[in-house]
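# Remarks on the overall topology
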Amino acid sequence: MKPATQRNRTRSTVRMLVDHLATALAVLATILVVAPLVAIFVYLLFKGASSLNLAFFFEIPKPVGESGGGMANAIVGSGVLLGVASLIGVPIGIGGGIFLAEFGRGTRLANAVRFTADVLNGVPSIVMGIAIYSLIVFNQGHFSALAGGVALGIMMIPTVTRTTEEMLLMVPHAIREAALGLGVPNWRSVLSITLKTASPGVITGCMLAFARVAGETAPLLFTALGNQFMSVNLNRPIQALPLQIYLFAISPYDDQHRLAWAGALVLIALIVIAVSLVRYVASRGILKGAS
Amino acid sequence: MGVGIEVTNLNAWYGANHTLQDINLPIPANHATALIGPSGCGKSTFVRCLNRMHETNPIAKVTGSVRIGDIDIYEDSSPVEIRRRVGMVFQRPNPFPTMSIYDNVCSGLKLNGYNNRKATDEIVERSLRNAALWDEVKDDLKKKSGASLSGGQQQRMCIARALAVDPEVLLMDEPASALDPVSTSKIEDLIFQLKTQYTIVIVTHNMQQAARVAEKTGFFLNGRMVEFDSTHKIFTNPSDKRTEDYITGRFG
């Protein structure tokens, strides 16, 4: 039998080894999480950065055979489509989340709404495109930016609704009671206190939904259709970055391949910029308080 | 000024659980009244019936009458109206985490649509002075978040927030139970000053606290009020055997 001190030393050596092993595994997992994103970004920079110039942002695509040209119409078009989508998806989504967490808790209607949102979340995006095609495009008689925006907006709703619900449920009960105890009507307490307290999480949810639909191609094929020219008319077909990337990537011309790579890079960069900007503005608004 | 409260045949339920049974109690104006009793005896439920917070729980039910001043709060008023007249301070400090100290204190006014900036400044200062917090926070009223204060300061801020809407009654549900001794004694001093202007009902686990701050004390046990009398009498010569057992520490 070894003396006690020596046994303790052996034990602490084992403990240290296990500790190092666990730390190493955690670091490895972190690298595996971050690596794909970094790899994609680096590859896009490598392939696309060389084709980026001012013309890319300010010119529309040139006819095949002419070199140069840009994706101004697609960048603007994506902006219009995502604007329409957010106008639809964010208010309806947040409203649904508020209903689920605050007013309908435990009711059959709430369960039905939650189930519907989850199913809607699982609907393939191409199916969403076809559905909007038959609802709007078919009835209007032409493809339009509006139809594309609606398709993307509906795709945003379930994500926004469910995150809003989760975030509202995380607000401590004591804070609701504080508001009610001051004689604040329930609806006011929900909007000005509970939703405000949960707003960082709710905004994250909206941004997730936004970023997800920003890269959607399939639902736009039958709705926004695409447009070779600059357009901001909601009643006309409109171009979007993912559509333009898709078109150029499957074309046989090297020029267009390069533009497609640049487009992919710009798409990712714009999403990152939009998400950071909204977070920054929102965090400043929250520090200023509820005035 | 505070007003008296007259409770008659008050019964309250949580689902099938009959938490308050036939409570009758006259609470005098401009005094502090303490409610003591073991955990789960119904004292918190009782104060929550005085500003209709009890009914915010969907399975809760209440019968009987509570008159505050000259109105019956269950007959003649809405919960929202009554909660503006009857302020409440909770067991744990519950500041609004997204708001500055200033916004926390005037939140009751703002959320109820009050919008006079100059008057709001005055009300915030008066409420914080009344809550004995002004000197500690006056320099960073709008800079610091209410949640960044210490626990004791947060609780005094919550008291200031309740005072800002100018209630007649102040309900305090174990306001010092989550605080350290220094903060506790500050809150007690505060209750001493506030009871000249407001009617105070304080629930407490701490019998010394009841003895220190209240003129009247009620003893609750298993959803009933066993005894209600002057604090002095309750602690020196209670009429009921159960009260005596409780205050001498034989149970609870």
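A brief look at the structure comes next.

Parameters and conventions
- Residues numbered from 1 in each chain as written.
- Chains lettered and ligands numbered in written order.
- Predicted model: local features only at pLDDT ≥ 70, side-chain atom pairs only at ≥ 80, totals over all residues.
- Core = buried A, V, L, I, M, F, W, Y, C linked by C-beta atoms within 7 Å.
- Buried ≥ 20, exposed ≤ 12 C-beta atoms within 10 Å, placed from the backbone.
- Helix = DSSP H or I, 4+ residues; strand = E, 2+ residues; numbered from the N terminus.
- Expected span 1.5 Å × (residues − 1).
- Arc of directions from axis to C-beta.
- Contact = placed C-beta atoms within 7 Å.
- Axes fitted to C-alpha atoms, helices over the stretch in contact; angles between N-to-C directions.
- Parallel < 35°, antiparallel > 145°, perpendicular 65-115°, else oblique.
- Left-handed = near helix turned anticlockwise from the far one by under 90°.
- Nonpolar A, V, L, I, M, F, W, Y, C, P; charged D, E, K, R; others polar.

### What to know about the nonpolar core
- Leu 81 of chain A together with Ile 202 of chain B are the most contacted members of the largest nonpolar core, which has 144 residues in total.
- By residue number, the principal contributor to this core is helix H6 (residues 145-170) of chain A, which donates 13 residues.

### Regarding helix H7 (residues 181-194) of chain B
All names here are of chain B.
- Helix length check: H7, at 14 residues, gives a terminal C-alpha distance of 20 Å against a target of 20 Å (1.5 Å per residue), a fit within 8%.
- The complete set of buried residues in H7 reads Ile 187, Leu 190, Ile 191 and Leu 194. Projection of H7 onto a plane perpendicular to its axis shows the buried side chains occupying an angular sector of 100°, all on one side. Exposed and facing more than 90 degrees away from the buried side of H7 are Pro 181, Val 182 and Gln 193.
- The elements touched by buried residues of H7 are strand S3 (32-36), helix H4 (117-130), helix H6 (151-164), strand S7 (169-173), strand S8 (199-203) and helix H8 (207-213).

### A look at the packing of helix H3 (residues 72-103) of chain A against H6 of chain A
Residues and elements named next belong to chain A.
- Across the interface, H3 lies against H6 with an axial gap of 6 Å and an inter-helix angle of 30°. By the angle between their axes, H3 is roughly parallel relative to H6. The crossing of H3 and H6 is right-handed.
- Here the contact of H3 with H6 is built from residues that sort into 21 nonpolar, 9 polar and 2 charged.

### Let's talk about the packing of helix H3 (residues 101-111) of chain B against H4 of chain B
All names here are of chain B.
- Running from N to C, H3 and H4 cross one another at 110°; their axes reach a closest spacing of 10 Å. Put simply, H3 runs roughly perpendicular to H4. H4 is crossed by H3, and the crossing has right-handed handedness. Taken together, the residues of H4 that come into contact with H3 (itself represented by Tyr 102, Val 105, Cys 106 and Leu 109) are Thr 120, Ile 123, Val 124, Ser 127 and Leu 128.

### Some thoughts on the interface of chain B and chain A
- Listed by partner, the interface residues are 23 residues for chain B and 20 residues for chain A.
- Counting only elements with at least two residues in the side of chain B that touches chain A, the list comes to helix H2 (79-85) and H3 of chain B.
- Residue composition of the side of chain B that touches chain A, grouped by class: 9 nonpolar, 8 polar and 6 charged.

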